[in-house]
Amino acid sequence: MSLLRTILALVVLLIVAHAALVFTGIERSTNALTEGIYGLGVLLESPAVVALNALGESLPAWLDPANFYAVALVSAAGYLLLYLLLGVGD
């Protein structure tokens, strides 16, 4: 169980790093590390895009699925929630 929690913590850290790179304007092609963070960030944030699109028009305006920061925050919050739920009962 602790390995899974560690992986989820690293996923949350990677998503936050991806959002920080986009916020600071660092290009994807700067080096291999940024290329990896951008690639994994897009991959790990895709479930949040699907979930936000499935909810449709019932969302507030700031949770637009086309807004990168909304998607990044929702996906980080989702993985953080899974992290916390795995710790319940230990």
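Residues numbered from 1 in each chain as written. Predicted model: local features only at pLDDT ≥ 70, side-chain atom pairs only at ≥ 80, totals over all residues. Heavy atoms only, no water.

A few words on the side chain of S75. You can see S75 is positioned in helix 3 (residues 68-87). If near-sequence neighbours (up to four positions away) are discounted, S75 is found in contact with I15, L44, E45 and A48. (Helix = DSSP H or I, 4+ residues; strand = E, 2+ residues; numbered from the N terminus. Contact = heavy atoms within 4.5 Å.)

Here the focus is helix 1 (residues 2-24). An ideal rise of 1.5 Å per residue puts 33 Å on 23 residues; helix 1 measures up with 33 Å between its terminal C-alpha atoms. All of the buried residues in helix 1 are R5, L8, V11, V12, L14, I15, H18, A19 and L21. The elements touched by buried residues of helix 1 are helix 2 (32-55) and helix 3. Phi turns positive, to about 85°, at G25, one or two residues after helix 1. (Expected span 1.5 Å × (residues − 1). Buried < 20%, exposed > 50% of the residue type's maximum accessible area, 1.4 Å probe, protein only.)

Another aspect to go through is the nonpolar core. Note on soluble globular proteins: their nonpolar side chains tend to be buried together. L8, V11, V12, L14, I15, A19, L44, A72, A76 and Y79 form the largest nonpolar core, which has 10 residues in total. Excluding residues that lie within four positions of it along the chain, Y79 makes contacts with L8, V11, V12, I15, L44 and P47. In terms of nonpolar packing, the next biggest core, distinct from the first, is built from 6 residues, L52, L63, A70 and V71 among them. (Core = buried A, V, L, I, M, F, W, Y, C linked by side-chain atoms within 4.5 Å.)

This part covers the pattern of salt bridges. Inspection of the entire model under this criterion finds 1 salt bridge. Residue E35 is joined to R28 by a salt bridge in which the shortest nitrogen-to-oxygen separation is 3.1 Å. On the basis of relative accessibility, which here comes to 36%, the residue R28 falls in the partly exposed class. (Salt bridge = Lys/Arg side-chain N within 4 Å of Asp/Glu carboxyl O.)

Take T34: it is sitting in helix 2. For T34, the residues in contact, after removing those within four places along its chain, are L21, I26, E27 and R28.

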